[in-house]
Amino acid sequence: EQNGASVTPLLPINDVRLFLNEQCRTLDEKIGEIVAKFPPADSKTKLITSAEASIILLTCHSAIITQYYMDSIQSIEAVIGDFLKKAIGLNLTEHNFLELVQLHEKNIFKRIYRPKPFCRA
């Protein structure tokens, strides 16, 4: 704890709101620039109108956000994987994880209540 407040690696919710508000503001600003530079969406004479340009901007922005999200999830998985490796002494793969779960199922559930393998081919 620092100065009576608990220490956490997470951003305070107010900071998250500030980031999201700034993201919305800058997207609105960019869309305003697009509208000023490209013909209106109801224009029949141009190939790319402000509507298409805005869609391209938002699609690219969504792709970047998705990549950050995927990177974050992979980072969290790596931390959990390192923790498990230290805790149980082996690098956990899908195969070892299945064996570990099945081992614990035998210890947790009575034979009649044990989950049955499921496969629909």
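Analysis parameters
- Residues numbered from 1 in each chain as written.
- Predicted model: local features only at pLDDT ≥ 70, side-chain atom pairs only at ≥ 80, totals over all residues.
- Heavy atoms only, no water.
- pLDDT = per-residue confidence, 0-100.
- Helix = DSSP H or I, 4+ residues; strand = E, 2+ residues; numbered from the N terminus.
- Buried < 20%, exposed > 50% of the residue type's maximum accessible area, 1.4 Å probe, protein only.
- Contact = heavy atoms within 4.5 Å.
- Expected span 1.5 Å × (residues − 1).
- Salt bridge = Lys/Arg side-chain N within 4 Å of Asp/Glu carboxyl O.

**Let's talk about the confidence of the model for the protein chain**
Reasoning step 1: In this model, the protein chain carries a mean pLDDT of 86, and residues with pLDDT of at least 70 account for 93%.
Reasoning step 2: Per-element confidence in the protein chain ranges from a low mean pLDDT of 80 for helix α3 (residues 94-108) to a high of 96 for helix α1 (residues 13-37).

**Concerning the side chain of serine 54**
Reasoning step 1: Within the secondary structure layout, serine 54 lies in helix α2 (residues 50-88).
Reasoning step 2: Accessibility expressed as a relative area gives 12% for serine 54, which makes it buried.
Reasoning step 3: Filtering out sequence-adjacent residues up to four positions away, serine 54 remains in contact with Ile31 and Ile34.

**What to know about α2**
Reasoning step 1: The end-to-end C-alpha distance of α2, which contains 39 residues, comes to 56 Å, matching closely the 57 Å that a straight helix rising 1.5 Å per residue would cover.
Reasoning step 2: Every buried residue belonging to α2 is among Ser50, Ala53 and Ser54, and all of these are buried.
Reasoning step 3: Of the surrounding secondary structure, the elements contacted by the buried residues of α2 are α1.
Reasoning step 4: Of the residues flanking the end of α2, it is glycine 89, one or two places downstream, whose phi is positive at about 80 degrees.

**Some details on the pattern of salt bridges**
Reasoning step 1: Throughout the structure, instances matching the rule amount to 3 salt bridges.
Reasoning step 2: Ionic pairing is found between glutamate 29 and arginine 25, a salt bridge with its closest N-O pair at 2.8 Å. With glutamate 29 and arginine 25 both in helix α1 and 4 residues apart, this pair spans about one turn of that helix.
Reasoning step 3: Residue classification places glutamate 29 among the partly exposed positions, given a relative accessible area of 41%.
Reasoning step 4: Lysine 30 is the partner of glutamate 33 in a salt bridge, and the nearest nitrogen-oxygen pair spans 3.4 Å. On the criterion of helical spacing, the pair formed by glutamate 33 and lysine 30 is a turn pair, its members being 3 residues apart in helix α1.
Reasoning step 5: Since its relative accessible area comes to 33%, glutamate 33 is described here as partly exposed.
Reasoning step 6: You can call lysine 30 partly exposed: its relative accessible area is 42%.
Reasoning step 7: A single network of salt bridges, built from pairs that share partners, joins Glu22, Arg25 and Glu29.

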